[in-house]
Amino acid sequence: MLKVFYPHFLINSVVELTPERLRTLGIEYLLLDVDCTLKRYSNQEPEPDVKAWLKSLKDENFKLCLLSNGVGKRIGQFAESVQLPFIAKACKPFTSGCRRAFSEHGFIPEKTALVGDQIFADVMAGRLSGITTFCVTPLSPEEEHWFTRIKRPFEKIVLSSFRRKFPDGVWKER
Ligand SMILES: [Mg+2]
């Protein structure tokens, strides 16, 4: 399998990314996918544990920015509710959104990780941008658009190949 499809880390939820774990990995900047990563697709609010997690990272001075393929108005409203900067219409799996984070928000690629739930959008965008990638289990895949749902069976093939090779969820060639 091409490594562009493999996340560096497979995790169940963003809340596993404690400040300690991120610091150990040298990560200071996080690009966060929104739908199915921080919130259920149909919700306007993050999950309560995610809300607390966001606060804990802000309190510890991590730099966060939302990075979504969604349209500006919807993502902008969510960004306002969690008080974070955002990049909408990010065109993941292309790298334009990540590059904007580097140029407009001062994110340093070597210290940046992208966290998202889709292999063929988030993981690829992060990999192609040369940054660390965390792939989370989607919060509400059943609520997604059909064009996301049709990609899920192919993601399952990638993820089972990843799990066979790296049972502890950590990409070893990192
Ligand atoms: Mg998503």
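Our subject is the structure that appears above.
Here's a quick rundown of the structure. The residue numbers shown here count from 1 along each chain, following its written sequence. At least 70 in pLDDT is required for a residue's local features to be given in this predicted model, at least 80 for side-chain atom pairs to be given and counted, and no such filter applies to totals for whole chains, interfaces and linings, which use all residues. For side-chain calculations, the full set of non-hydrogen atoms in the structure is used, while hydrogens and water are omitted.

Quick notes on the nonpolar core
Item 1. Grouped together as the largest cluster of nonpolar side chains are 27 residues, with contacts concentrated most on Leu30, Leu32, Trp53 and Leu66.
Item 2. A run of H or I in DSSP counts as a helix once it spans at least four residues, and a run of E counts as a strand once it spans at least two, with each numbered from the N terminus. At the level of secondary structure, the elements contributing two or more residues to this core comprise strand S1 (9-11), strand S2 (29-32), helix H2 (48-59), strand S3 (63-67), helix H3 (72-82), strand S5 (112-116) and strand S6 (132-136).
Item 3. Among buried residues, the Ala, Val, Leu, Ile, Met, Phe, Trp, Tyr and Cys ones that are joined through side-chain atoms within 4.5 Å form a nonpolar core. Any residue under 20% of the maximum accessible area for its type is buried, any over 50% is exposed, and the rest in between are partly exposed; the area is computed with a 1.4 Å probe on protein chains only. Counting residues in hydrophobic clusters, the runner-up holds 14 residues, among them Met124, Cys135, Val158 and Phe166.

Here we look at H2
Item 1. For H2, spanning 12 residues, the distance from its first C-alpha to its last is 17 Å, which sits close to the expected 16 Å at 1.5 Å a residue.
Item 2. Val50, Trp53, Leu54 and Leu57 are the residues of H2 that are buried. Mapping the buried residues of H2 onto a view down its axis gives an arc of 100°, with all of them on the same face. Away from its buried face, by an angle of more than 90 degrees, H2 presents the exposed residues Pro48, Lys55 and Asp59. Helix span, expected: 1.5 Å multiplied by one less than the number of residues in the helix. The arc under discussion is defined with respect to the helix axis, by the directions toward the C-beta atoms.

Side note on the coordination of the magnesium ion
Think of it this way: four donors in a tetrahedron around the metal ideally sit 109.5 degrees apart, and six in an octahedron ideally sit 90 or 180 degrees apart.
Item 1. Summarising the metal site, the magnesium ion is bound by the protein donors Asp33 (OD), Asp35 (O) and Asp117 (OD), whose distances to it range over 2.1 to 2.3 Å.
Item 2. Donor residues for the magnesium ion sit on one chain with the sequence pattern D-x1-D-x81-D. Within this pair, whereas Asp35 is found in the loop between S2 and H2, its partner Asp117 is found in the loop between S5 and helix H5 (119-129), the two being separated by 82 residues in sequence.
Item 3. A relative accessible area of 12% places Asp35 in the buried class. Any N, O or S atom lying within 2.8 Å of the metal counts as a donor, with the limit raised to 3.2 Å for Na, K and Ca; because water is left out of the atom set, some sites can appear incomplete.

A look at the pairing of S3
Item 1. Counting buried residues along S3, four of its five residues qualify, which places the element largely inside the surrounding structure.
Item 2. Pairing of S2 with S3 involves four bridges; the strand directions are parallel. Opposite Leu31, over in S3, you have Cys65 as the bridge partner.
Item 3. Of the crossover connections in this fold, the one passing from S2 over H2 to the parallel S3 is right-handed. Strand pairing is assigned whenever DSSP identifies at least 2 bridges connecting the two strands. Here is how to tell: hold the view so the strands point away, follow the path from the first strand over the helix to the second, and if it runs clockwise the crossover is right-handed.

Re the environment of Trp171
Item 1. Here Trp171 lies in the segment after helix H7 (152-165).
Item 2. Residues Trp171 and Gln83, 88 residues apart in the sequence, show an inter-C-alpha distance of 32 Å.
Item 3. Two residues form a contact once any of their heavy atoms are found within 4.5 Å. Leaving out residues up to four positions away in the same chain, Trp171 has contacts with Lys3, Tyr6, Pro7, His8, Arg127, Phe162 and Phe166.

Topic: the pairing of S5
Item 1. Burial within S5 is extensive, with five of its five residues counted as buried.
Item 2. Both faces of S5 are covered, namely the face carrying Thr112, Leu114 and Gly116 and the face carrying Ala113 and Val115.
Item 3. With four bridges joining them, S2 and S5 adopt parallel strand pairing. Across the sheet, residue Leu30 finds its bridge partner in S5, namely Ala113.
Item 4. Here S5 runs beside S6; their pairing, made up of four bridges, is parallel.

Quick notes on the sheet that holds strand S4 (residues 86-87)
Item 1. One open sheet holds the six strands; their spatial order is S1-S6-S5-S2-S3-S4, and the pairing between them is parallel. At either margin of the open sheet sits one strand with a lone partner, and together these are S1 and S4.
Item 2. Note on method: axes are straight lines fitted to C-alpha atoms, helices fitted across the in-contact stretch only, with angles between N-to-C directions ranging 0 to 180 degrees. Across the sheet, H5 touches S5 and S6, and the angle it forms with S6 is around 165°.

A short note on the environment of Glu16
Item 1. As for its placement among the helices and strands, Glu16 is situated in the loop between S1 and helix H1 (19-24).
Item 2. In this structure the C-alpha to C-alpha distance between Glu16 and Arg163, which are 147 residues apart in sequence, comes to 18 Å.
Item 3. Apart from the residues lying within four places of it in its own chain, the contact partners of Glu16 are Ile11 and Arg21.

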